Amino acid sequence: MFPALTELAKESFNKMSFDDEIHAGYVRSADDMLPYLCTTINVVQRLLGSSTITIPVAAKPGPKSSIPKAALWTFDESDTPEQVYSPSHLAGMSPEKAAHIEACRWHFVKLITVVEYDDADPLDANPDAQTRGREYNIAQARPTETFVGKILDSQPRNFVFIIRIYRNTFHIQRWDRGSMIFSDVTDSDDRTALNYQKDPSMLVEFFSRLPLLSKEGAGYDPTIQPLRPFDNEVTLMKTMIRSYRFDDLPAYIRDLVKFSMQDVLDPPSPPLPLYKVAVPRKDKPRKKRYFIVGRPISPPNYLPIGDGTKIFVAFDLERLDFVQLKDYWRPLTSNAESDIYKQLAKRKVPNVATLRHGGDISGHITLNGRPLNDFRQLVHHRLVLSEIGEQLNCYQNGQSLCRIVHDAMIGHQRAWEDAHVLHCNISDDNIIIVLGKDSKGKETPRGVLINWELAMFRPQLGAKANGNRTGSWQHNSALRLQYPAKPHELADDLESFVHIINLSALQFHKHNLDPEELGDHLYLNYLNWGTRGNVIAGCDAKIESVKEGDPGFELQDIPENVNLSAIIKKLMELCQEHYNSVDHDFLERYLDLPEEFVKKTLRGPSATDHDNDDKAESSNAKPWSSPLSSLVKGSPLSTHTKMINALKEVIGRPGWAKIDTVSDQFVAAQVDE
């Protein structure tokens, strides 16, 4: 296609040849390959008038390195600060400044080309694996997922292209949140289809076409647009931050805004990008509302496959206040979280987050829908919540912990009884502390239950009984860990609240376990796993602990621990009573299940059955019952009442200390796996 460019490339590629007969000693490592490839790619793109520039980045060895392989990084000069792609700007900089610039690269890189020296192309070595358009297990991608995960975490991308160049061949990978696809490697019986040593024109043609890709064609999310520092939207947000309204916000919200927006009034150089995000209106999804976001406040996902959840502090350009924006990819078969929140609002459920706007992003679906390697087709979902809260572990004392959990349990109860929704993912990450003011103007913390993406409507319970648990492993009920094919029940969620309190006591209150004993306890009760029958099960110690009503530790016998010790003891007794009412022999049927039984017998109604909830509430409708209700007649966990009453009673007791917590004891815990 470009004869002159092809000859230029061939000359460079010959110097990289690994053919012993012509190897002239130019290349001894992947780092040695980078200059030849880099020069060729830049010349190709410059001659075509492209604004892209490619730089070599050497590998940084180490088990936690974000750059595990030598690579070429391609940037678009038109929208990337020069300091990011110009190595000369790193000379003489402080380590902190250099680290900031290197971190910025992840936010601007357009394409990464991974270069291998010692490794032959795995597809070239495995002709049986070369199926046109096939999806591959992530393990076969080796270190590439590190690059992809960082890009997807740092940029508004729906998918990412990665090029992998080997000794003589190359191939293209396309990653989205659902799976990864390799480019075709073979052409009938001709094994030279992507051999750039024999035919350099293919690699040249790819890099010549790269600048022609639209932003959307390169995987960028068209519903998210970058903002410049002096755009009207950014100026509007700066004005609000300078106002008294911002000073009136709780300190933790101001700190989150400063972190997320990179101190927008005095940003570092170069600044990380800000974005204008479109979110479907909750009442008219085809119309949009717009928000400004910076970097996420949630931990990075690291691996590309999965829901890719990002949480932002966002500025509402309509109401001119700060809110929480959540962006993730949900399975097509699951309930839309925004629909859950709408149902909760319709039933006036208290102590849950308030949906401002949200819905699925039209047309954003992962490419691969075939169920190979357990990959699922995912759809992009985005929602905005009015509340910005602190994490549960910021509670002030034991009484505050119990009060916040009590608030969340009230919300959970009302959701179950009034909206017919079960959360199915109770954990400390999903309860936040929101500061409000009482009638006297005093700041009062309130527990709010969030993250309803795994929630199910009553008619759906049992639909996820396919051997795959939902929710946090540590906070899952012991029965769910032992029998993952067991339908999820109200009792499972209620037990999860108990584990939240127990783990909080272990982490922040004085107890009788030294660091080694604490590590052993955490591992045996909350972390370990194994196999039972043909399913993964875990935490044998946890189920024995619940059966005995013994948490496996004791708080120190000091006055400030009396009330917290009492509620731990009472809640464990309620769980023990529940387990005594369960027919454990019956539950054995949920092990060694034939695949067809797991898929068909345990699958409940479809995800759209909640549309008929209103009809089910008519006076003629039969009362709903759990799939296992016959096993737990009279159980204290068949309703919320006993747990809520126990918490309410202990909260009102005298003797609580204003400060009874200690520094995080999990830091010193020695977990031996």
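Coordinates for the structure precede this section.
Residues numbered from 1 in each chain as written. Predicted model: local features only at pLDDT ≥ 70, side-chain atom pairs only at ≥ 80, totals over all residues. Heavy atoms only, no water.

1. Some thoughts on the overall build of the protein
Stated precisely, the cut-off is as follows: Helical segments are the DSSP runs of H or I of at least four residues, strand segments are the runs of E of at least two, and each set is numbered from the N terminus. With a 1.4 Å probe rolled over the protein chains alone, any residue whose accessible area is under 20% of its type maximum counts as buried; one over 50% counts as exposed, and the rest are partly exposed. Any two residues having at least one pair of non-hydrogen atoms within 4.5 Å are treated as being in contact. All accessible-area figures derive from a Shrake-Rupley calculation using a 1.4 Å probe, and residue coverage is judged against the displayed protein chains alone.
When helices and strands are tallied, the protein shows 20 helices and 20 strands. Counting across all 673 residues of the protein, residues that qualify as buried make up 52%. Contacts spanning at least 24 positions in sequence make up 72% of the contacts within the protein whose residues lie at least 6 apart. Accessible area for the protein stands at about 30600 Å²; split by element, carbon and sulfur atoms hold 50% of it.

2. Structural notes on the packing of helix H13 (residues 490-508) against helix H14 (residues 515-527)
Worth spelling out the cut-off: Lines are fitted to the C-alpha atoms to define the axes, a helix being fitted only along its stretch in contact, and any angle between axes, read from their N-to-C directions, falls within 0 to 180 degrees. Here the angle decides the label: under 35 degrees means roughly parallel, over 145 means roughly antiparallel, 65 to 115 means roughly perpendicular, and every other value means oblique. Crossing handedness: left-handed means the near helix sits turned counterclockwise from the far one by under a right angle, and right-handed means the same turn made clockwise.
Where H13 meets H14, the axes come as close as 12 Å, and the angle between the chain directions of the two elements is 165 degrees. Classified by the interaxial angle, the pair formed by H13 and H14 is roughly antiparallel. At the point where H13 passes H14, the crossing takes the left-handed sense. Here His499, Asn502, Leu503 and Leu506 of H13 lie close against H14, whose contacting residues are Leu518, His521, Leu522 and Tyr526.

3. Things to note about the environment of Arg403
Among the secondary structure elements, Arg403 is positioned in helix H11 (residues 398-418). What makes Arg403 partly exposed here is its relative accessible area of 32%. Linking Arg403 and Gly447, residues 44 residues apart in sequence, is a C-alpha distance of 7.5 Å.

4. Things to note about the packing of aromatic side chains
Applied cut-off: Working definition: a ring pair exists when centres of Phe, Tyr or Trp rings (six-membered ring for Trp) sit within 6.5 Å. Plane angles under 30 degrees give stacked, over 60 give edge-to-face, the rest tilted. Two limits define a charge over a ring: the Lys NZ or Arg CZ must be within 6 Å of the ring centre, and within 35 degrees of the ring normal.
Under the defined criterion, the tally for this structure stands at seven aromatic pairs. Ring geometry for Phe206 against Phe207: centres 5.3 Å apart, planes inclined by 85 degrees, an arrangement best described as edge-to-face. Given the relative accessible area of 2%, Phe207 is considered buried. Clustering of aromatic rings is evident, with ring pairs tying together Trp73, Trp106 and Phe147. A cation over a ring is seen here: Arg157 above Tyr220, with NZ or CZ 4.0 Å from the ring centre.

5. Regarding a negative patch on the surface
Test applied: Without a salt bridge and with relative accessible area above 30%, a residue can belong to a patch; like charges are then joined within 9 Å and nonpolar side chains (Val, Leu, Ile, Met, Phe, Trp, Tyr) within 5 Å. For this document, the term salt bridge refers to a Lys or Arg side-chain nitrogen within 4 Å of an Asp or Glu carboxyl oxygen. We count Lys and Arg on the positive side and Asp and Glu on the negative side, and we leave His and both chain ends out. Here the site of a charge means NZ on Lys, CZ on Arg, CG on Asp, or CD on Glu.
Where like charges cluster on the molecular surface, the negative patch consists of Asp540, Glu544, Glu548, Asp550, Glu554 and Asp557. With respect to the helices and strands, Glu554 occurs in the loop between helix H15 (540-548) and helix H16 (562-580). By relative accessible area, which is 56% here, Glu554 ends up exposed.

6. A few points about the sheet that holds strand S14 (residues 390-391)
Rule in force here: Any two strands between which DSSP finds at least two bridges are classified as paired.
An order of S14-S16-S17 is seen for the three strands of this open sheet, with the pairing classed as antiparallel. Single-partner strands in this sheet number two, and they are S14 and strand S17 (443-449). Sheet topology note: the S14/strand S16 (residues 431-437) ladder contains two bridges and is antiparallel. Within S16, the position partnered with Gln391 by the bridge is Ile432.

7. Digging into the nonpolar core
For clarity, the cut-off: To qualify as a nonpolar core, a set must consist of buried Ala, Val, Leu, Ile, Met, Phe, Trp, Tyr and Cys residues joined through side-chain atoms within 4.5 Å.
Counting 81 residues, the largest nonpolar core has Tyr341, Leu344, Trp452, Leu564 and Met643 as the members making the most contacts within it. Top contributing element to this core by residue count: H13, with 11 residues. Counting residues in each nonpolar core, the second largest holds 25 residues, with Trp73, Val84, Val109 and Leu152 among its members.

8. Details of the pattern of salt bridges
This structure, assessed with the given rule, holds 21 salt bridges. Across the pair Glu77 and Arg46 runs a salt bridge whose closest N-O atoms are separated by 2.9 Å. Taken together, the residues span a long stretch of sequence, with Glu77 in the loop between strand S2 (71-76) and helix H3 (82-85) and Arg46 in helix H2 (residues 30-47) at a distance of 31 residues.

9. Regarding the side chain of Glu495
The topology assignment puts Glu495 in helix H13. This buried residue, Glu495, is left without a salt bridge; Lys542 holds the nearest opposite charge, at 5.6 Å. For Glu495, the contacting residues outside a window of four places in its chain are Ser477, Ala478, Val546, Cys575 and Tyr579.

10. Observations concerning H15
Cut-off, in case you're wondering: In this description, the arc belongs to the directions extending from the helix axis to the C-beta atoms.
Turning to H15, its buried residues number three or more, namely Lys542, Ile543, Ser545 and Val546. All buried residues of H15 project into a common sector of 160 degrees when viewed along the axis, lining one side. Looking at the buried residues of H15, the elements they touch are helix H12 (478-482), H13, H14 and H16. Following H15 by one or two positions, Gly549 has its phi on the positive side, about 65 degrees.

11. Some details on the pairing of strand S11 (residues 322-331)
Taking burial as the measure, the 10 residues of S11 include 10 buried ones, the bulk of the element. Direction of pairing for strand S10 (residues 310-316) relative to S11: antiparallel, over a ladder of six bridges. Residue pairing across strands places Val313 opposite Gln324, the latter belonging to S11. The loop that links S10 with its antiparallel partner S11 comprises five residues; one of these, Leu320, has a positive phi angle of about 60 degrees. Pairing of S11 with strand S13 (residues 378-385), which is carried by eight bridges, proceeds in the antiparallel orientation.

12. Side note on the sheet that holds S11
Reading across from one edge, S7-S8-S9-S10-S11-S13-S12 is the order of the seven strands in this open sheet, with antiparallel pairing throughout. Among the strands making up the open sheet, the edge pair consists of strand S7 (224-227) and strand S12 (355-365). The mean inter-strand angle of the sheet, taken between neighbouring strand axes irrespective of direction, is 35 degrees. Sheet topology note: the S12/S13 ladder contains six bridges and is antiparallel. Looking at the pairing, Ile365 lines up with Val379 of S13.

13. Side note on the environment of Leu325
Mapping Leu325 onto the fold places it in strand S11. The spacing of Leu325 and Glu387 is 62 residues in sequence and 9.8 Å in space, taken between C-alpha atoms. If sequence neighbours within four positions are ignored, Leu325 has contacts with Val277, Val279, Phe291, Val293, Lys310, Ile311, Phe312, Ala314, Arg382, Leu383 and Val384.

14. Examining the environment of Ile410
Here Ile410 shows up in helix H11. When the C-alpha atoms of Ile410 and His640 are compared, they prove to be 8.3 Å apart, with 230 residues separating the residues in sequence. Every residue in contact with Ile410, bar those within four places of it in the chain, is listed here: Pro350, Asn351 and Ile644.

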